[in-house]
Every structure is written in C-alpha cells, then in structure tokens.
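Examining the three-dimensional arrangement
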Amino acid sequence: MNSIPLYKQIIEDILSRIHDGSLQPGDRIPSERELAEQYLVSHITSKNALAELADKGYITRQKGKGSFVSPMEQLQMIAEFNSTVNHRTILKSKTIGLIMPSMKTSIDQQLLNCIEEELNATDYILAVTITRENQELESAAIHKLRSGGPAVSSSSRPSTRCTMRIS
C-alpha cells in the first residue's frame, strides 16, 4: 500500500512527465475530470493536485480552457526544476551505462577494461552494473539507468582502438 497521498502521486507523475520532456511548455495537462478518471480518484483530489502544481509555478490554469505546462522561462525560475534538469542533463551527457550479466570470464574483464580505457580519454564516466544473470536485477538496472538518464553518445573523434586478445 502506497503511503503517499493520492493527489501527491498525481503531482509526482505530472512532474516526472515535465522533467523527462514528455510534457513540454505549453502542452495541455489533462483536466480535473480526466485526471480523476485516469487515477480513479475524486474530482477534489485531482483539483488539489492541479492547484498545487499551479501554486508552485509548474502549470498555468486558464478558466474554460484548461491547464498548461508553464513557459520555460517560468519553469527555470523554480529551484527544484533547475536542480532536477541540471542533474539529468549532466548524467545524460557524461555517463554511459553498462549492464553485464556476469564477470566470470577473461573476455568479460577484457571488454570492461577496453571500454574503460577508451573512456579515460574523454569526460565520460562508466556506470557498471553486474546482474549475476538475474533477469529481475537486469530489469531493475535498466529502469534505474533509464530514469537516471545515462545515454550512450557517439564521439566524432577517432578511436584509439582497444584490442582484445582471445586465447
């Protein structure tokens, strides 16, 4: 059972969509009625969620028209929004996630060594998760990396080409 109040859960979901970019400035937010139906809550619960989002500056409400994500200029004035966006931007631009089922063989170790050597010449960092061949851990690791923002980025500089020797 989730101990977070229902209206707070709605707020968290909408904020998550704003932070991940699936809701952009100017996009329409579902109405109080639509949110109530979507989350199976009362009209007053969805109204409270939208009111708090508006009070914090994340959305603007226009009577008879609906609620909309605030313009970027307004969002950037919200300290929490800036810290979250900056954190995700840093992670997305500087972290490469690697999920490996094991580190049992010398090939696994050589692969990791080569990747790490290549990244040493850049400003990227490597986030490694070893799942010990457990599918649940692998799914959790993928979710964690995707929500945290690491992204693989290709570089235009020539590679130093790390070679692996297989005996």
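Residues numbered from 1 in each chain as written. Predicted model: local features only at pLDDT ≥ 70, side-chain atom pairs only at ≥ 80, totals over all residues. Heavy atoms only, no water.

Considering the overall build of the protein chain
In terms of regular secondary structure, the protein chain is built from seven helices and five strands. Each helix and strand of the protein chain, ordered N terminal to C terminal, gives the series α-β-α-α-β-β-α-α-β-α-β-α. Out of the 167 residues in the protein chain, the part that is buried amounts to 26%. Residue pairs in contact within the protein chain that sit at least 24 positions apart in sequence constitute 61% of those at least 6 positions apart. When the accessible surface of the protein chain is totalled, it reaches about 11300 Å², and 53% of it is carbon and sulfur. (Helix = DSSP H or I, 4+ residues; strand = E, 2+ residues; numbered from the N terminus. Buried < 20%, exposed > 50% of the residue type's maximum accessible area, 1.4 Å probe, protein only. Contact = heavy atoms within 4.5 Å. Areas by Shrake-Rupley, 256 points an atom, 1.4 Å probe, with all protein chains shown as cover.)

What to know about the environment of Asp13
Mapping Asp13 onto the fold places it in helix α1 (residues 6-19). By relative accessible area, which is 35% here, Asp13 ends up partly exposed. Of note is the side chain of Asp13, whose polar atom sits 3.0 Å from the side chain of Tyr39. (Polar contact = N/O pair within 3.5 Å; in protein donor to acceptor, adjacent residues only side chain to side chain.)

Looking at the confidence of the model for the protein chain
Per-residue pLDDT for the protein chain has a mean of 81; in total, 80% of the residues score no lower than 70. A low-confidence stretch, residues 149-159 (pLDDT under 50), is modelled with 15 contacts involving residues beyond four sequence positions or located in other chains. (pLDDT = per-residue confidence, 0-100.)

As for α1
Taking 1.5 Å of rise per residue, 14 residues should cover 20 Å, and α1 covers 20 Å from first to last C-alpha, within 8% of that figure. Taken as a whole, α1 has its buried residues at Ile10, Ile11, Ile14, Leu15, Ile18 and His19. For α1, the buried positions fall inside an angular range of 165 degrees around the axis, keeping them on one side. The first or second residue beyond α1 is Gly21, which carries a positive phi of 90 degrees. (Expected span 1.5 Å × (residues − 1). Arc of directions from axis to C-beta.)

Description of the sheet that holds strand β2 (residues 59-62)
A sheet is described by the order of its strands in space; here three strands give the open sequence β1-β3-β2, paired in antiparallel fashion. Two strands lie at the open edges of the sheet, namely β1 (28-29) and β2, each paired on one side alone. In terms of strand pairing, β2 meets strand β3 (residues 66-69) through four bridges, oriented antiparallel. Looking at β3, one finds that Gln62 is bridged to Gly66. Each of β1, β2 and β3 touches helix α3 (residues 43-56); the most contacted strand, β2, lies at about 115 degrees to it. (Pairing = 2+ DSSP bridges. Axes fitted to C-alpha atoms, helices over the stretch in contact; angles between N-to-C directions.)

A look at helix α6 (residues 106-120)
Between its terminal C-alpha atoms α6 stretches 21 Å, which fits the 21 Å expected from 15 residues at 1.5 Å a residue. Every buried residue of α6 is listed here: Asp108, Leu112, Cys114, Glu118 and Leu119. Each buried residue of α6 sits inside an arc of 160 degrees when the element is viewed along its axis, so together they form one side. Those residues of α6 that are buried lie in contact with β4 (95-100) and β5 (125-130).

Side note on the packing of α1 against α3
Where α1 contacts α3, the two axes come as close as 8 Å, and the packing angle between them is 50 degrees. Compared by their axis directions, α1 and α3 come out oblique. For the crossing formed where α1 meets α3, the hand is right-handed. On the side of α1, the interface is formed by Leu6, Tyr7, Lys8, Ile10, Ile11, Ile14 and Leu15, while α3 contributes Thr45, Ser46, Asn48, Ala49, Leu50, Glu52 and Leu53. Partitioning the contact of α1 with α3 into residue classes produces nine nonpolar, three polar and two charged. (Parallel < 35°, antiparallel > 145°, perpendicular 65-115°, else oblique. Left-handed = near helix turned anticlockwise from the far one by under 90°. Nonpolar A, V, L, I, M, F, W, Y, C, P; charged D, E, K, R; others polar.)

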